[in-house]
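Topology and contacts: notes
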Amino acid sequence: MPSYKRLLAAALLILCCHCSYAQNKELYRYQDLSHLYYQKQLDSLKKAWACPAVFKQKETQKQYKELWDDRTDFLTKALKEDNYVYDKELLAYIDGIVDQIARANKQLIPVKPFVLIDRSAAVNAYAVGGNILAINLGLITFAQSKEDIALTIAHELSHNILMHPENAIRQRAEWLTSAEYKKSMNAILDSKYERLTRLKKVFEGYSFNRSRHQRYHESDADSLAILLLKKSSIAFDPSFFLRLDSADIIYKQALKQTLPQYFSAYSLEIMPTWMQKRSKGLSTRAYNFKDTTHIQDSMKTHPDCIERYNRTLRDGSKNVAFTPVPEEMQERARKMEIWSVYYNMNLTACLYMILLEKDKGNKDPWYDFMAANVISGLYYADRELDRFNAISVKPKEYISKDYYELQTLFEQIPRDNLEQFCRTLLNSNRWPDSKKDEAAFRRLMSALTLDPDFSEAHKASVAKAFLNGNENSLYAEFAHRFDKK
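How each quantity is defined
- Residues numbered from 1 in each chain as written.
- Predicted model: local features only at pLDDT ≥ 70, side-chain atom pairs only at ≥ 80, totals over all residues.
- Heavy atoms only, no water.
- Buried < 20%, exposed > 50% of the residue type's maximum accessible area, 1.4 Å probe, protein only.
- Helix = DSSP H or I, 4+ residues; strand = E, 2+ residues; numbered from the N terminus.
- Pairing = 2+ DSSP bridges.
- Core = buried A, V, L, I, M, F, W, Y, C linked by side-chain atoms within 4.5 Å.
- Contact = heavy atoms within 4.5 Å.

With that out of the way, let us pick up the pairing of strand 4 (residues 132-136). Of all 5 residues that make up strand 4, 5 are buried, and the element is covered over most of its length. Here strand 2 (residues 114-118) runs beside strand 4; their pairing, made up of 5 bridges, is parallel. In the strand pairing of strand 4, L116 is matched with A134. In this structure, strand 3 (residues 125-129) lies alongside strand 4, joined through 4 bridges in antiparallel fashion. Across the sheet, residue A127 finds its bridge partner in strand 4, namely L133. Counting the residues in the hairpin turn of strand 3 and strand 4 gives 2 residues, including G130, whose phi is positive at 60 degrees.

Dropping the structure here:
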């Protein structure tokens, strides 16, 4: 064989191995969920976040401490409830961006921030205060470049640098103990009529003032973020603000095929009538499934995205090649995102995300595995008489016609057909090379959905059987839901 052919064959072999590696690479372990991984930080958080003495007035200081402790409780509760996950590869990627910004801005960021990966699919990141920063999985999958993520990180770091979270707590404590607030509340208590209306006006006034200040804060954070990026030699792309206008409308994306075509790929036949509402009235109104201009971006207190774009346009980097987010990072985040949506039993959204991946030509069998889990999860919810909550109906203004049809299908498919779909998928031989924990999870779902015994004791027993040998699997999170009962 000529040398160039041997080189070509070797290259193809490496490429094939890389593709197989990318598809079969393990996601995080059960022990990487925040209630376990961050146990030490959880134990020391309250000590680290001791409330400072800010006010001389005892009443205001007491109110300030209550609000301060509420923030601490919010974070500790979120950690205990596994809102966060430690993923070595994703965190290393995000941490690298944070480290680059922090090292270049040591005067403003003397201590490297503590970064958390939030499992939310929302395109967002947030500053908790106390030098803590959280990045949502949804931001990682939405961003087109490293610079997009860096801009969001720099924006949130700016909130911490400018002490916006702490200042917000302070302002609220001052308001709740102010003479104006007390006078308004006393007037409401003394009145005989329209108490609720007057109470609403008091809080509307407070909300307006708070919102107004936050909008100014967002502009300040944008400005400082650009300075942080420039000093870090990271390019700034103002068009990212325009893309944020579509951040909340992932389910507005149309599918490339009809629903029956996707289901037929799994040897499942769905009837057209299952996708059509049978009732009359508001639920069957003719909605415009294309017009999304009235939908705000995910951060309601932020200035309009177009306004943010226009304000920062002149600061954009010129003639710069932006760095794409590594495909394996986005794929990893997307799988974690889909699992999290599934675990929360938001089944319509979960399957729709899978179908969107199919439209991209993604042939990773893991998505077929999760599609089967969605159907078996829906049948399990039906047996629990909880199908409606598992569907998790979304307003038509936020979804496409295809999503609405899938939502309607999940609502109206007869139980007998749903059971048959479940049997077909769980007994399928589509996954001959499935991993040990995936095969065990299929057996768990089969036992939970198809066994005649639907008692709590039986569920706990089959969950325990799954955990025996799969205690490190991320799917153990689902099994523990029954094991703890």
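This brings us to the sheet that holds strand 2. Strand order in the open sheet formed by 4 strands is 1-2-4-3, with mixed pairing between adjacent strands. Each edge of the open sheet is held by one strand with a lone partner, namely strand 1 (84-85) and strand 3.

Core analysis: the largest hydrophobic core is formed by 136 residues, its most contacted members being F410 and F478. When residues of this core are assigned to their parent elements, the largest contribution, 12 residues, is made by helix 16 (residues 365-383). If we ignore the near neighbours within four places in the chain, the residues touching F410 are F263, L347, T348, L351, V374, I375, L378, R387 and I391.

If you check the backbone angles, M163 has positive phi at about 55 degrees while not being a glycine. Note on M163: relative accessible area 43%, which makes it partly exposed. You will see that S392, though not glycine, has its phi angle at about 55 degrees, which is positive. Assignment of secondary structure puts S392 in the loop between helix 17 (387-391) and helix 18 (401-412). Using a relative accessible area of 24% as the deciding quantity, one classes S392 as partly exposed.

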